[in-house]
Amino acid sequence: MTPADQSAAPDTKRSAALAPNTNSAEHNDMANAIRALAMDAVQAANSGHPGMPMGAADMATVLFSKFLNIDPKKPDWADRDRFVLSAGHGSMLVYALHYLLGYEDMTIEQIKNFRQLGSITAGHPEHGHVLGIETTTGPLGQGISTAVGMALAERMAQARYGAEIVDHFTYVIASDGDLMEGISHEAISLAGHLKLSKMIVLYDDNDITIDGALSLSESGDALMRFKAAGWNATRINGHDAKAIAQAIEAAQKSDKPTLIACKTVIGYGSPNKQGTSGSHGAALGGDEIKLTREALGWAHEPFVIPQNVLDAWRAIGAKGASKSSSWNERFKSLSSAIQVEFKREQSGDLPSGFKDAINAYKKKLSEDKPSWATRKSSEEALNIINAIIPETVGGSADLTGSNNTKSKGQKPVTPTDFSGSFIQYGIREHGMAAAMNGMALHKGFIPYSGTFLVFTDYCRPSIRLAALMKQRVIHVMTHDSIGLGEDGPTHQPVEHLASLRAMPNLYVFRPADAVETAECWQAALEAKETPSVIAASRQNLPTVRTTHTDENLSAKGAYELSPASGTAKVTLIATGSEIEIAMAAQKTLEADGIATRVVSMPCVELFEAQSKDYKKKTLGEGTVKVAIEAAIQYGWDRYIGHDGAFIGMTGFGASAPAKDLYKHFNITAEATVAAAKACLKA
């Protein structure tokens, strides 16, 4: 820290008295209401993080009272400012604010039941559980990175609908931990490159982590890092209301995103714990809370907010009604066609002609029988989809030509033109996945993007949050097996399908041909509350669905692709590229007099959602079951049982042409036939 920075920072040493401030009495009372609720709720729960909301109360008070355009009575108003508490451990900050502002779901009883079973005041803010929570935070770095997607969505929506309808800011309160996490480096770099000037981050610059002083683990210059990434960055006294307001005003006028490092004291007001890690992740204790009340001049019982302070906060909340109402009048002035389209996109409903277009496309595929890699099949499906659904937004982590995620006519989004629908994320897989979540949460867009399946390891935390938040985000993960060939085991996913299938509320699709790929895209797009991964092959595959049906068979998760010639003795279950192997094995077994059926299972999760009778019928009761997938066996035993067999991987892959690898690892029709016969003899 430079001497100039030190002069802007309040004393962080323990002291019985607080340094005097020049804030108004009204501001201090409003900020102290946040501090009191935070320390009281954490104390009642004997669990939580009081220090962050106590330290950040001044910046939050200024932001919410003077700048943030929201309407607590209409928390989903489309043109509201977005606020993200990236420092989700300080959840009592936003819960206290919501109670004070008058959100109908945030009662004082909910505050008293902080972190308790059945309450909405979870340990970390959860989207969908509390009105006005824009995104689930807690995993550090995710909030600020998700906010980049929100800010990007605002720019893109304004390019489509105009500033009269879309014109809002995205504000973030972030912590030291947020800025240390690697994902934030990717996110701020993308935001700076795209010049997302309506993104403003208030950095709770308190020099404390759970282990102690920030200097134990960090000696970098956060402001210089942001400046290098194309941001404005400034440092102020985070307890000076006037300085906070001036900094936000300047940020609003900037042509770059802005970081405002607010130098704060964690646990502000606690005589013995402020400025220390002791206030970070544990209740202050009854005696310390008593001393803190005295130091703050807060002579009120726990959970009691004096009427004049509550009235001041509620008046701020009520101001939002006029702004949302004014927006609604502007919206009504649009043509009825534009209103209908805007509302449809906000609701997440698909255009009425979508199913007919997919069915017509499927019929053509069954007739033409293309032999495409499913990554190519995905691209061809997107040519149909993106022409019908204008709100789809594609992208790739610098693998556009490999992922095939850019459809005909898609324009790139650039720092000077946000009217496009394709985002070049660069080599930022984790930041990409978080930004996609932000776009979905913003509403009005359906984000999809691509990288290699092996790199879901980089995306996984964001995919998990999408599943937790029930967001429709679609990841096109190509090069899905040893079939990618020469790039070798570093790029060949073997455990990834099983790992992703273990995640709740995530659809993992692995289509076998162009028809199944179109069906998987349809199912992913129709799943409004579930994210999807579409695992696609690098190698070409034959069309196996040669008879057209309007029914989306892949949406059942699994179905009989090829029946047995008589009473079946063997059921071969396969996914993706291994369907070709199953079909060849079936032909051999049938020629040997062994009636065999083939079941395609493009989505395990959707199959598990089917009725018990359907699952029994599809799996084939009384038949020997052999599963074939160029991945590890984990998860397949529930289908093949102890008497079945698995043809797949038992370890990592190798560098060689794909056909050689399949032979080397014994993932062949011959191995499948031998396994089936061995099971029949057992």
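Remember, it's a predicted structure, so these values are computed and weren't measured experimentally. Sequence order as written defines the numbering, with residues in each chain counted from 1. Confidence filtering applies because this is a predicted model: local features only for residues at pLDDT of at least 70, side-chain atom pairs given and counted only at 80 or more, and all residues used for totals across whole chains, interfaces and linings. Note that the side-chain values use all heavy atoms of the structure and ignore hydrogens as well as water.

**Observations concerning helix H2 (residues 25-45)**
- Secondary structure follows DSSP: runs of H or I at least 4 residues long count as helices, runs of E at least 2 residues long count as strands, and numbering of each begins at the N terminus. Multiplying 1.5 Å by the residue count of a helix minus one yields the expected span of that helix. Along its 21 residues, H2 runs 30 Å from first to last C-alpha, staying within 8% of the 30 Å computed at 1.5 Å per residue.
- Where H2 ends, the next residue or the one after it, asparagine 46, has phi of about 55°, a positive value.

**Re the packing of aromatic side chains**
- Note on aromatic contacts: the rings of Phe and Tyr and the six-membered ring of Trp form a pair at centre separations within 6.5 Å, being stacked when their planes are under 30 degrees apart, edge-to-face when over 60 apart, and tilted otherwise. Tallied over the entire structure, the rule returns 15 aromatic pairs.
- Both rings, one in phenylalanine 64 and one in phenylalanine 83, keep their centres 5.0 Å apart while their planes meet at 75°; by these two values the pair is edge-to-face. Of the two residues, phenylalanine 64 sits in helix H3 (residues 51-67) while phenylalanine 83 sits in strand S1 (residues 82-85), which places them 19 residues apart along the sequence. By the burial criterion, phenylalanine 64 is buried, and phenylalanine 83 matches it.
- Both rings, one in tryptophan 327 and one in phenylalanine 342, keep their centres 6.2 Å apart while their planes meet at 50°; by these two values the pair is tilted. With a gap of 15 residues between them, tryptophan 327 in helix H12 (residues 307-332) and phenylalanine 342 in helix H13 (residues 336-347) connect regions that are remote in the sequence.
- The classification of residues rests on relative accessible area computed with a 1.4 Å probe and restricted to protein chains. Under 20% of the type maximum is buried, over 50% is exposed, and intermediate values are partly exposed. We classify phenylalanine 342 as buried; its relative accessible area is 6%.
- Joined through ring pairs, the aromatic side chains of Tyr161, Trp327, Phe331 and Phe342 make up one cluster.
- By definition here, charges over rings are those cases where NZ of Lys or CZ of Arg is within 6 Å of the ring centre and within 35 degrees of the ring normal. For the cation-ring pair, lysine 406 lies above phenylalanine 422, with the distance from its terminal atom to the ring centre recorded as 5.7 Å.

**Regarding the sheet that holds strand S7 (residues 258-263)**
- Whether two strands pair comes down to DSSP finding at least two bridges between them. Strands sit in the order S1-S2-S3-S7-S6 across an open sheet of 5 strands; the sheet is parallel. The open sheet has two free edges, formed respectively by S1 and strand S6 (232-237), since each of these has just one partner strand. Across the sheet, the mean angle separating the axes of adjacent strands is 20° when strand polarity is ignored.
- Taken together, the 6 bridges between S6 and S7 define a ladder with parallel strand orientation. Within S7, the position partnered with asparagine 237 by the bridge is lysine 263.
- Lying over the sheet, H3 contacts S1, strand S2 (170-175), strand S3 (199-205) and S7, oriented at roughly 155° with respect to S3. An axis is simply a line fitted to the C-alpha atoms; with a helix, the fit covers only the stretch in contact. Between two such axes, the angle follows the N-to-C directions and lies from 0 to 180 degrees. For this analysis, residues touch if any pair of their heavy atoms sits within 4.5 Å.

**Looking at the pattern of salt bridges**
- Here, a salt bridge means any side-chain nitrogen of Lys or Arg that lies within 4 Å of a carboxyl oxygen of Asp or Glu. With the rule as written, the count across this model stands at 29 salt bridges.
- Note that glutamate 391 and arginine 344 form a salt bridge whose closest N and O atoms lie 2.8 Å from each other. Taken together, the residues glutamate 391 in the loop between helix H15 (374-388) and strand S8 (392-396) and arginine 344 in helix H13 connect sequence positions 47 residues apart. We note that glutamate 391, like arginine 344, is buried.
- In this structure, glutamate 379 and lysine 376 form a salt bridge, with 3.6 Å as the shortest nitrogen-oxygen distance. Highlighted residues: glutamate 379 and lysine 376, both in helix H15, separated by 3 residues, approximately one helical turn.
- When its relative accessible area of 29% is taken as the criterion, lysine 376 is described as partly exposed.
- Several salt bridges converge on common partners, so that one network encompasses Glu154, Arg155, Asp167 and Lys198.

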